[in-house]
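# Structural features, examined
The primary structure of each chain is shown beneath.
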Amino acid sequence: MRARDDAEFTEFAAMMIRPLRRTAYLMCGDWHRAEDAAQDALVKVYRRWNRIERREGVKSYAHRAVVTSVLDQSRKPWRRERPDETDEAALVMPDIGGPVDNRLLVIKALAQLAPSQRACVVLRYYNDLSVEETAEILGVSQGGVKSQTSRGLDRLRELLGHTERSAS
């Protein structure tokens, strides 16, 4: 890689490491795995740096890489950890209140979504991507994104105890 390209990549990596790590964390619920996934994503971007369109293509590719990395990690045998509790009552979230507590409850609820639903919800509402961008990143149809997002949001409402859809 040329020195100028190397400098551009370094600047890009510095700008994107935190958002990629947060996206990965929301998808897997583990900061260590999120760090690994973000670094794996940046390695993939580095390898293809000269072939990726610089404007929005590189960010999209980085998001796709981090999502793929998180999903690949979860498929590995040593990552198939399951909670011991199978009782539905154990999955009900306590009502503690407060912004930090609410954030932790949402993260815990996200962890209970199916991986495809979690990916759609995180990309659409945390990363504020369009249906089209999310579909491109996940390699699924726009209808698939819409249905997985809808199911994920319904499940989150159920887990968080919200029975009615909000107007906002």
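Note on numbering: residues in each chain are counted from 1, in written sequence order. Local features in a predicted model are, by the rule used here, given only for residues with pLDDT of at least 70; side-chain atom pairs are given and counted only at 80 or more, and totals for whole chains, interfaces and linings are based on all residues. For the side-chain quantities, the full set of heavy atoms in the structure was used; hydrogens and water were omitted.

The name recorded for the protein chain in an unreviewed UniProt entry is SigE family RNA polymerase sigma factor, from Kribbella yunnanensis. The UniProt entry for the protein chain carries the following comment under Sequence similarities (unreviewed entry): "Belongs to the sigma-70 factor family. ECF subfamily." UniProt positions are given in the numbering used here, feature names are shortened, and annotations may be inferred rather than shown by experiment.

Scanning the protein chain from terminus to terminus reveals 7 helices and 0 strands. Helices and strands appear in the protein chain in the N-to-C order α-α-α-α-α-α-α. Burial classes: relative accessible area under 20% of the type maximum marks a residue as buried, over 50% as exposed, and values in between as partly exposed (1.4 Å probe, protein chains only). Buried positions account for 36% of the 168 residues belonging to the protein chain. Residue burial considers only the protein chains on display, and all accessible areas are found by Shrake-Rupley using a 1.4 Å probe. Looking at the protein chain as shown, the accessible area adds up to about 10600 Å², and 50% of this sits on carbon and sulfur atoms. Here a strand is any run of E in DSSP of at least two residues, a helix any run of H or I of at least four, and the numbering for each starts at the N terminus.

This paragraph deals with unusual backbone geometry. In this structure, Asp128 takes a positive phi of about 55° despite not being glycine. Within the element layout of this structure, Asp128 appears in the loop between helix 5 (115–126) and helix 6 (131–138).

On to the packing of aromatic side chains, then. Note on aromatic pairs: the rings of Phe, Tyr and Trp (six-membered ring only in Trp) are paired at centre separations within 6.5 Å, and the planes decide the class, stacked below 30 degrees, edge-to-face beyond 60, tilted for the rest. Counted under the stated rule, the structure contains 4 aromatic pairs. Consider the ring centre and the ring normal. A charge sits over the ring if Lys NZ or Arg CZ is within 6 Å of that centre and within 35 degrees of that normal. Stacked on the ring of Tyr125, the Lys or Arg Arg124 has its end atom at 5.4 Å from the ring centre.

Comment: axis = line fitted to C-alpha atoms, over the contacting stretch for helices; angle = value between 0 and 180 degrees taken between N-to-C directions. Axis separation between helix 1 (residues 3–28) and helix 3 (residues 57–75) bottoms out at 10 Å; the angle between their running directions is 35°. Both helix 1 and helix 3 take part in a crossing whose hand is right-handed. Contacts between helix 1 and helix 3 pair Phe12, Met15, Met16, Leu20, Thr23, Ala24, Met27 and Cys28 from the former with Val58, Lys59, Ala62, His63, Val66, Val67, Val70 and Leu71 from the latter. Across the contact of helix 1 with helix 3, the residue classes break down as 13 nonpolar, 2 polar and 1 charged. Helix crossings fall into two classes, left-handed where the near helix is turned counterclockwise from the far one by less than a right angle and right-handed where it is turned clockwise. What makes two residues a contact is simply this: any of their non-hydrogen atoms within 4.5 Å. Ten residues, namely Ala, Val, Leu, Ile, Met, Phe, Trp, Tyr, Cys and Pro, are considered nonpolar, four, namely Asp, Glu, Lys and Arg, are considered charged, and the remaining ones, Gly among them, are considered polar.

The next subject is the environment of Ala38. As for its placement among the helices and strands, Ala38 is situated in helix 2 (residues 31–47). Accessibility expressed as a relative area gives 0% for Ala38, which makes it buried. For the pair formed by Ala38 and Val67, sequence separation is 29 residues and the distance between their alpha carbons is 9.1 Å. When sequence neighbours within four positions are dropped, the list of residues in contact with Ala38 reads Ile17, Leu20, Arg21 and Val66.

So, about the nonpolar core. Ranked by internal contacts, the top residues of the largest apolar core, which has 39 residues, are Phe12, Val45 and Val67. At the level of elements, helix 1, helix 2, helix 3, helix 4 (99–111), helix 5 and helix 7 (142–160) are the ones that each hand at least two residues to this core. Per-element accounting of this core gives the leading share, 11 residues, to helix 1. Discounting residues that sit within four places of it in the chain, Val45 has contacts with Phe9, Phe12, Ile52, Val58, Tyr61 and Ala62. Here, nonpolar core refers to any group of buried Ala, Val, Leu, Ile, Met, Phe, Trp, Tyr and Cys residues whose side-chain atoms link them within 4.5 Å.

It is the contact of helix 1 with helix 5, at a shortest axis distance of 9 Å, that shows an interaxial angle of 140°. What the angle tells us is that helix 1 and helix 5 run oblique. Relative to helix 5, helix 1 is oriented so that their crossing is right-handed. Along its contact with helix 1, which presents Arg22, Thr23, Leu26 and Met27, the element helix 5 presents Arg118, Ala119, Val122, Leu123 and Tyr126. Class assignment for the residues of the contact of helix 1 with helix 5 results in 6 nonpolar, 1 polar and 2 charged. Geometric relationships in this document are graded by angle, where less than 35 degrees denotes roughly parallel, more than 145 denotes roughly antiparallel, 65 to 115 denotes roughly perpendicular, and other angles denote oblique.

Let us now look at the side chain of Asn127. Summarising the element assignment, Asn127 is placed in the loop between helix 5 and helix 6. Under the relative-accessibility criterion, Asn127 is labelled buried at 17%. In contact with Asn127, other than residues within four places in its own chain, are Thr23, His63 and Val122.

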